[in-house]
Amino acid sequence: MKKIISIICAVSIALSCFGIFAYADDAAFMPYEDSKFFEYGDYDIHYRVVPAKGEQKGRIMMLHGFLCSTFAWRNMAANLSEAGYECVLADLPNFGFSTRESDEITVVDREILITELMKSIAPMDEWIIAGHSMGGGVAVNIAIENPVEALLLYCPAPQSEFPKAMEGIMTSGVMKGIMNAFFNYGTRIDILVKLIVFAATMDWEFSMNYELDGITDATQYDGFGGGLCEMMFNVKATNLENADKVACPVLLCQASKDVIISSTMKEQMGSAFPDAETYLVEGGGHQCIENRADELCTVAVDFLKK
């Protein structure tokens, strides 16, 4: 039995390495025509800018959720751009096409990386921050420490620290190899990916017509699974105890059919921001920023006008 497990692990690692080397050969790899990279320490943070149409009314940093990337904001960014807002979409470390963390990386908090990216574009008090799911927890931490203009939270998920006792197992070469192989090859099963999209959106038609490359290109890129293993132990917990230090207006959007975020998480965010303007996406799933973008854009623009 042990011999079989060893063989499986070896094959998994070999397959994941093949996926990494396939991309590494392309030194000029650019995920999108508008891709940019922000260098900070050992990190290259991938981001994209969607310019405002007409007179610019504001500037929004948009932070995606777990297993997502800048692609998840494509519909919201297009709508907000039409409404006069410049949108900057960033891949958090280990996601999309940003640097994967490893033993060779000097770790920097993702809040610092995004804050420095924002400062490189404009002063912090000119920014609105939008965060979805995991990105909502990151957005809250940034807003606690910085004088931003407004905070837009979509199905936000407060982050917590992973038990250190598990670090040796989860960051081992074997586990990273298995995770890399899973994301490199498991995401090639189209129906599986579509079912995951359905669970996240609760919208069958939208899921069946989903542009899968928007997910799979990133999850099959440069050791995605291994980066997640490292990330678990580098995450800064969402500081909800100091949420009262957020001085800007807050919009808190939840979805009635969200099966990803627990009721406890929803209650935590609601309690942390009792004065927030709230909105419920009736019949919407966790990934409502994608299939209910028109609705949520209207809500955001009305909120920002106030």
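Details of the structure are given in the entry above.
Residues numbered from 1 in each chain as written. Predicted model: local features only at pLDDT ≥ 70, side-chain atom pairs only at ≥ 80, totals over all residues. Heavy atoms only, no water.

What to know about the overall build of the protein chain
- Regarding its fold elements, the protein chain presents 13 helices and eight strands.
- The C-alpha atoms of the protein chain give a radius of gyration of 19 Å, which matches the 19 Å a tight globule of 306 residues would have.
- For the protein chain, the C-alpha atoms occupy an extent of roughly 65 × 40 × 40 Å along the three principal directions.
- Taking all 306 residues of the protein chain together, the buried fraction comes to 52%.
- A separation of at least 24 residues holds for 76% of the contacts in the protein chain among residues at least 6 apart in sequence. (Helix = DSSP H or I, 4+ residues; strand = E, 2+ residues; numbered from the N terminus. Rg over C-alpha atoms; globule rule 2.2 N^0.38 Å. Buried < 20%, exposed > 50% of the residue type's maximum accessible area, 1.4 Å probe, protein only. Contact = heavy atoms within 4.5 Å.)

Things to note about the environment of Tyr 221
- Residue position: Tyr 221 is located in the loop between α9 (213-219) and α10 (224-231).
- The class for Tyr 221 is buried, based on a relative accessible area of 15%.
- Placed 121 residues apart in sequence, Tyr 221 and Arg 100 show a C-alpha to C-alpha distance of 9.7 Å.

Some words on the packing of aromatic side chains
- Applying the stated criterion across every chain yields a total of twelve aromatic pairs.
- Between Phe 71 and Tyr 210, the ring centres sit 6.0 Å apart and the planes meet at 75 degrees, which makes this aromatic pair edge-to-face. Linking Phe 71 in the loop between β3 (58-63) and α2 (74-82) with Tyr 210 in the loop between α8 (204-208) and α9, this pair joins segments that are 139 residues apart in sequence.
- Between Phe 97 and Tyr 221 the ring centres are 5.2 Å apart and the planes differ by 55 degrees, which places this aromatic pair in the tilted class. Residue Phe 97 is located in the loop between β4 (85-90) and α3 (110-121), and its partner Tyr 221 is located in the loop between α9 and α10; the two are separated by 124 residues in the primary sequence. Grouping residues by exposure puts Phe 97 and Tyr 221 together as buried.
- Among the aromatic side chains, those forming a connected cluster through ring pairs are Phe 66, Phe 95, Phe 182, Phe 183 and Phe 224.
- Sitting over the ring of Phe 71, Arg 74 keeps its end group 3.9 Å from the ring centre. (Phe/Tyr/Trp six-rings, centres within 6.5 Å; stacked < 30°, edge-to-face > 60°. Lys NZ or Arg CZ within 6 Å of the ring centre and 35° of its normal.)

Looking at the side chain of Gln 254
- Here Gln 254 is to be found in strand β7 (residues 250-255).
- Ignoring anything within four residues of it in the chain, the contact list for Gln 254 reads Cys 155, Pro 156, Lys 266, Tyr 279, Leu 280 and Val 281.

Things to note about α3
- Between its first and last C-alpha, α3 extends 17 Å over twelve residues, near the 16 Å set by a 1.5 Å rise per residue.
- Listing the buried residues of α3 in full gives Arg 110, Glu 111, Leu 113, Ile 114, Thr 115, Leu 117 and Met 118. (Expected span 1.5 Å × (residues − 1).)

Notes on a negative patch on the surface
- Taken together, the side chains of Asp 190, Glu 211, Asp 213 and Asp 217 make up a negatively charged region of the molecular surface.
- By the secondary structure assignment, Glu 211 is in the loop between α8 and α9. (Patch = residues over 30% accessible without salt bridge, like charges linked within 9 Å, V, L, I, M, F, W, Y side chains within 5 Å. Areas by Shrake-Rupley, 256 points an atom, 1.4 Å probe, with all protein chains shown as cover. Salt bridge = Lys/Arg side-chain N within 4 Å of Asp/Glu carboxyl O. Lys, Arg positive; Asp, Glu negative; His and termini not counted. Charge placed at Lys NZ, Arg CZ, Asp CG, Glu CD.)

Observations regarding the pattern of salt bridges
- Under the defined criterion, the tally for this structure stands at ten salt bridges.
- Salt-bridge contacts for Arg 74 lead to Glu 290; the nearest nitrogen and oxygen are separated by 2.6 Å. Of this pair, Arg 74 sits in helix α2 while Glu 290 is found in helix α12 (residues 288-291), placing the two residues 216 residues apart along the sequence.
- Since its relative accessible area comes to 24%, Arg 74 is described here as partly exposed.
- Glu 290 sits in the buried class, given a relative accessible area of 5%.
- We note a salt bridge from Glu 295 to Arg 292, for which the minimum N-O separation is 2.8 Å.
- Beyond isolated ion pairs, a larger network of salt bridges with shared partners links Arg 59, Glu 86 and Glu 126.

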